[in-house]
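# Fold and contact review
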Amino acid sequence: MSSPSAQTALPPLTGGARVLGTLALSAATFMNVLDTSIANVSLPAIAGDLGVSPMQGTWVITSFAVANAISVPLTGWLTQRIGQVRLFMASVLLFVLSSWLCGLAPNMTLLIAARALQGLVAGPLIPLSQTLLLSSYPRALAGLAMAMWSITTLVAPIMGPLLGGWITDNISWPWIFYINVPVGLLAAAATWVIYRERESVTKKVPIDTVGLSLLVLWVGAMQLMLDKGKELDWFHSGEIIAFAVVAVVGLAFFLAWELTEEHPVVDLSLFTRRNFWSSALATAVGYGVFFGNVVILPLWLQQFMGYTATQAGMILAPVGLFAIVFSPIVGLTLNRVDPRKFASFSFLVFALVLWMRSRFTTHADFETILIPTLIQGVAMAFFFIPLVTLTLSGLDASRIPAASGLSNFMRITAGAIGTSISTTMWESRATMHHASLAETVHQGNQAATATMDALQAKGMSHKQALAYINNLTTQQAYMLSTQEIFYGSAILFLLLIPLVWLAKRPKGVGSADADAAAGAH
């Protein structure tokens, strides 16, 4: 997100103030990004402690993501009304409060409500941390500023699963939220000391209340449909049909209103630009597929492979290692290389990683499961920066905040949709495979009979032997479902490559203009 002219007119920070400001903004960003992944490995523990199924536990992730998606497009308007520094401070402090409430939640309903509040107040954190950070550095060092910021956002996904798993196993899951309190308070204090005299100019601008209400209505209805669909047997349920109708009608009215509103909450005219819609769509779908798989992997490891939360975290943690190594290289070479090539390479590597995971079996060892995670870090390094450069290319500086907000809205919403669709398909395919495998367990099947006899010879009763075989069948059914999800996701990443090439090569690639485009991220 770009800052207003009043903000860019301020001289850059120097010396210790710039270092402290960078650390404070990075800490707040780290805290926000950490909370998008820290709960993933803790879902089984949270669900078990609060007496709900692991599938219902995914609401802890999706409630945060949907609320976050709704609040992101409002950042530009809120900045004009409140000011960048005051809005950033308010977001950080409210994030701390909502994190504390998450830890205190005695049941799943209140936890989901607190997570929704957390996502709502987190909306301005990422775009405003970018804006304030860019204002702290000379224009010539904008690339360095964003490289440092990007590394922070890549460290958080490494720390999230590992920290979440360790805390869940060794302390208790509420502490995955309580750790935000000291980090947030320190970040807020340092930000206020450094930036309180650097507030942006504010003005009263009208809010598109109708557009905002319709946005909340259709996004909320769509997410409820996706989350409750698997529990209520989808469109066999009147409740799901009602959610679907509200989502579709709400979206239609939202589009009609926003296209005619003088001060729309979302600038839909951006979709007339080919680079914007093709790159933003590729980013959103790619992120949705990626995030859905990020949720499935720890659920499978903990429920059917006997991994603890810490071990599952250790499998997921290295995803950012190569991302940290390669991101600065991508940033430094983006002005010489067509970003469409980088993005295509990213999708190819994602497809390779997911194909490797589709080859997993129930006998896969720790190293076998870990290797694709390491390789995935390469894909992540080549994913965000090139696609953001394509999305924002050719836009006037005044339109970049709206474009950044809308593309982030699409990405975050896609992450929530990806989570819901992936978990629904994972469970439904496993149910189908279980039924198919169970049909082969009968007296006429020699292998089944031999297994039953062997188990009973070891001292099991007939009922215990049947339960044991049923558990093995369930494990194998979910293994087959997991393989299918990973394989299908690999195909989707390959299909996204032509979408990237619908965008035009940004003007200025190979010149200083490309550096400015990268800096706008």
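Located above this text is the structure these notes cover.
Residues numbered from 1 in each chain as written. Predicted model: local features only at pLDDT ≥ 70, side-chain atom pairs only at ≥ 80, totals over all residues. Heavy atoms only, no water.

## Quick word on the overall build of the chain
Of the regular secondary structure elements, the chain holds 24 helices and 0 strands. Here the chain holds 521 residues, and the buried ones make up 54% of them. For the chain, the proportion of contacts with a sequence separation of at least 24, taken over those separated by at least 6, is 85%. Approximately 21600 Å² of the chain is accessible, and the part contributed by carbon and sulfur atoms is 68%. (Helix = DSSP H or I, 4+ residues; strand = E, 2+ residues; numbered from the N terminus. Buried < 20%, exposed > 50% of the residue type's maximum accessible area, 1.4 Å probe, protein only. Contact = heavy atoms within 4.5 Å. Areas by Shrake-Rupley, 256 points an atom, 1.4 Å probe, with all protein chains shown as cover.)

## Side note on the environment of N180
Position of N180 among the secondary structure elements: in helix α12 (residues 180-195). Judged by relative accessible area, N180 falls into the buried class, the value being 2%. Sequence separation of N180 and N32 is 148 residues, and the distance between their C-alpha atoms is 8.8 Å. Once residues within four sequence positions are removed from consideration, N180 is found in contact with M31, D35, F95, V96, S99 and Q118.

## Digging into the packing of helix α18 (residues 339-357) against helix α19 (residues 366-381)
The axes of two packed helices give the description: the angle between them and the distance between them. For the pair α18 and α19, interaxial distance at closest approach is 8 Å and the crossing angle is 165 degrees. When the axis of α18 is compared with that of α19, the two are roughly antiparallel. Crossing hand, α18 versus α19: left-handed. Packed against α18, whose contacting residues are F345, S346, V349, F350, V353, M356 and R357, the element α19 presents I371, P372, T373, I375, Q376, V378, A379 and M380 at the interface. Split by residue class, the contact of α18 with α19 holds 11 nonpolar, 3 polar and 1 charged. (Axes fitted to C-alpha atoms, helices over the stretch in contact; angles between N-to-C directions. Parallel < 35°, antiparallel > 145°, perpendicular 65-115°, else oblique. Left-handed = near helix turned anticlockwise from the far one by under 90°. Nonpolar A, V, L, I, M, F, W, Y, C, P; charged D, E, K, R; others polar.)

## Section: the packing of aromatic side chains
With the rule as written, the count across this model stands at 22 aromatic pairs. Here the aromatic rings of F345 and F382 are separated by 5.0 Å at their centres, their planes lie at 75 degrees, and the arrangement is edge-to-face. On the criterion of sequence distance, the pair formed by F345 in helix α18 and F382 in the loop between α19 and α20 (384-392) is long-range, its members being 37 residues apart. Accessibility expressed as a relative area gives 10% for F382, which makes it buried. Above the ring of Y287, the side-chain terminus of R411 is found at 5.0 Å from the ring centroid. (Phe/Tyr/Trp six-rings, centres within 6.5 Å; stacked < 30°, edge-to-face > 60°. Lys NZ or Arg CZ within 6 Å of the ring centre and 35° of its normal.)

## Things to note about the pattern of salt bridges
Taken as a whole and judged by the stated rule, the model has 2 salt bridges. With its nearest N and O atoms 2.7 Å apart, the salt bridge here joins D338 to R340. Assigned by exposure class, D338 and R340 land together as buried. Close ionic contact of R429 with E484 constitutes a salt bridge, the shortest N to O distance being 2.8 Å. Here E484 lies in helix α23 (residues 462-500) and R429 lies in helix α21 (residues 400-438), a separation of 55 residues in the sequence. A residue is classified by how much of its surface remains accessible, and E484, at 31% relative accessible area, is partly exposed. (Salt bridge = Lys/Arg side-chain N within 4 Å of Asp/Glu carboxyl O.)

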